[in-house]
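Structure assessment
Here is how the chains run, residue by residue.
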Protein chains: 2
Amino acid sequence: MILSKTFGYAIRGILYIALVQKEERKVQIEEISEKLSVPRHFLGKILQELVRNGLLTSVKGPNGGFSLGENTLSKSLLDVYRTTDHIEQLTQCELRFNQCDKIHPCPLHDKVQQIREEFIALLSKTTINDLITGTKKLQLHNIATTGV
Amino acid sequence: MILSKTFGYAIRGILYIALVQKEERKVQIEEISEKLSVPRHFLGKILQELVRNGLLTSVKGPNGGFSLGENTLSKSLLDVYRTTDHIEQLTQCELRFNQCDKIHPCPLHDKVQQIREEFIALLSKTTINDLITGTKKLQLHNIATTGV
DNA sequence: ATAATAAAAGACATCAATGTCTTTTATTAT
DNA sequence: ATAATAAAAGACATTGATGTCTTTTATTAT
Ligand code: FES
Ligand code: FES
């Protein structure tokens, strides 16, 4: 896998909220972690970070919970990646040398650079909404289990 | 970075041996780790694995050391990857679901599958020799430091 | 105001990747 | 045979990613 577990949890969490929010309600971390089979407190911290970065909204107390923000659906996978991973690593040398460019290429640079750029472009142009509409009728089972 | 630190050490180690082996001699782990600024014993274990997988040759005792095997130069990056990483992960779901194919796609599958295939193809078709001849006149400084 | 609720925050645990140190084994030169 | 050399192997340490548990803070209903 190229993507971190944390990133996956974040995407699935956001999608779950998007799926049930049609019913116009807040969603509690308890429900999300149970339905998605994701560690509750770990997911909690991830969603907290998403809130800090404006990707989600949260309210404490009774009837509180998480919900999508105004423009969550138009956020990109790169925006999510920025909150769950170290964005710099996307552009750093695969051999971890200080510079990574055509001028100072490591033996792998010319081989991997194009693919890495395609990957970054993908994260950048794909939105949460793309994930929802892209999968023909996204449903709970598409994000729920670690199985079939 | 997509590739592990271990993979990078392996590649650099092999390339170092290839560069100095013109002089027809064995290379000691001590020299490699020093010239490449790589942890000696960690690199040792990595090279051991490469030997087990037929990517390198090693001899104990005085005048011993590591050297390229008959066909090391024609080995692919995927062969190296196989000894340093978990090859299955290359084809597993980015959200870590049990299946990963067009029939059971997770929300990310259609987005990332093509790029992942390109990446695997790259590892598969690129050989050690490609790295040597691909970089215009590969030299020590191309693999030696973690910097410029 | 008080109690209940739910997120936020903090301390700590576990695991895999990475790194260090010591002992063992094989080979060679004497 | 013995000593020196160098890889192999094994035990242990560190770090970052991941996961668990407890306490705190904010909000709401009563
Ligand atoms: S210099 Fe190594 S990947 Fe760019
Ligand atoms: S099913 Fe998730 S990447 Fe293929």
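Structural data are supplied above this passage.
Attention in this report is confined to the structure presented alongside it. (Residues numbered from 1 in each chain as written. Chains lettered and ligands numbered in written order. Predicted model: local features only at pLDDT ≥ 70, side-chain atom pairs only at ≥ 80, totals over all residues. Heavy atoms only, no water.)

**Some remarks on the environment of Glu118 of chain A**
The cut-off we apply is this: What counts as a helix is a DSSP run of H or I of at least four residues, what counts as a strand is a run of E of at least two, and both are numbered from the N terminus.
Secondary-structure assignment places Glu118 of chain A in helix α5 (residues 109-125). Sequence separation between Glu118 of chain A and Lys136 of chain A is 18 residues, and the spatial gap between their C-alpha atoms is 24 Å.

**Here we look at the protein's contact with DNA strand D**
Condition: Near, as used in this document, describes a residue that has one of its heavy atoms within 4 Å of the molecule or strand being considered. Here a polar contact means two N or O atoms within 3.5 Å. Within protein one must be a hydrogen donor candidate and the other an acceptor candidate, and residues neighboring in sequence count only if both atoms are side-chain atoms. Three categories are distinguished: nonpolar for Ala, Val, Leu, Ile, Met, Phe, Trp, Tyr, Cys and Pro, charged for Asp, Glu, Lys and Arg, and polar for the others, with Gly belonging to the last.
With respect to spatial proximity, 25 residues lie near DNA strand D, and among them Thr6 and Pro62 of chain A together with Lys45, Arg52 and Ser58 of chain B are the closest. Taking the atoms of DNA strand D that fall within 4 Å of the protein, sugar and phosphate contribute 66% of them. In this structure, a phosphate oxygen belonging to DNA strand D sits 2.6 Å away from a side-chain N or O atom of Thr6 of chain A. Between His41 of chain A and DNA strand D, the recorded distance is 3.3 Å, taken from a side-chain N or O atom to a base nitrogen. Within the surface near DNA strand D, the residues separate by chemical class into nine nonpolar, 10 polar and six charged.

**Brief notes about the interface of chain A and chain B**
To keep things clear, this is the line we draw: We call two residues contacting when some pair of their heavy atoms lies within 4.5 Å. Summed over both partners, the accessible area (1.4 Å probe) lost when two parts come together is defined as the buried area. A pairing counts as a salt bridge when a side-chain nitrogen of Lys or Arg comes within 4 Å of a carboxyl oxygen of Asp or Glu.
The interface of chain A with chain B comprises 46 residues on the first partner and 46 residues on the second. Both sides together, the interface formed by chain A and chain B hides about 4100 Å², and carbon and sulfur atoms give 66% of it. It is Met1, Arg96 and Pro107 of chain A in chain A that bury the most area against chain B; as a group they hold 19% of the surface buried on that side. Linking chain A with chain B are zero salt bridges, by the criterion used here. Within the residue set of the side of chain A that touches chain B, elements represented by two or more residues are α1 (5-20), α5 and α6 (128-134) of chain A. Ranked by the residues each element gives to the side of chain A that touches chain B, the list is headed by α5 of chain A, at eight residues. Broken down by class, the residue content of the side of chain A that touches chain B amounts to 23 nonpolar, 13 polar and 10 charged.

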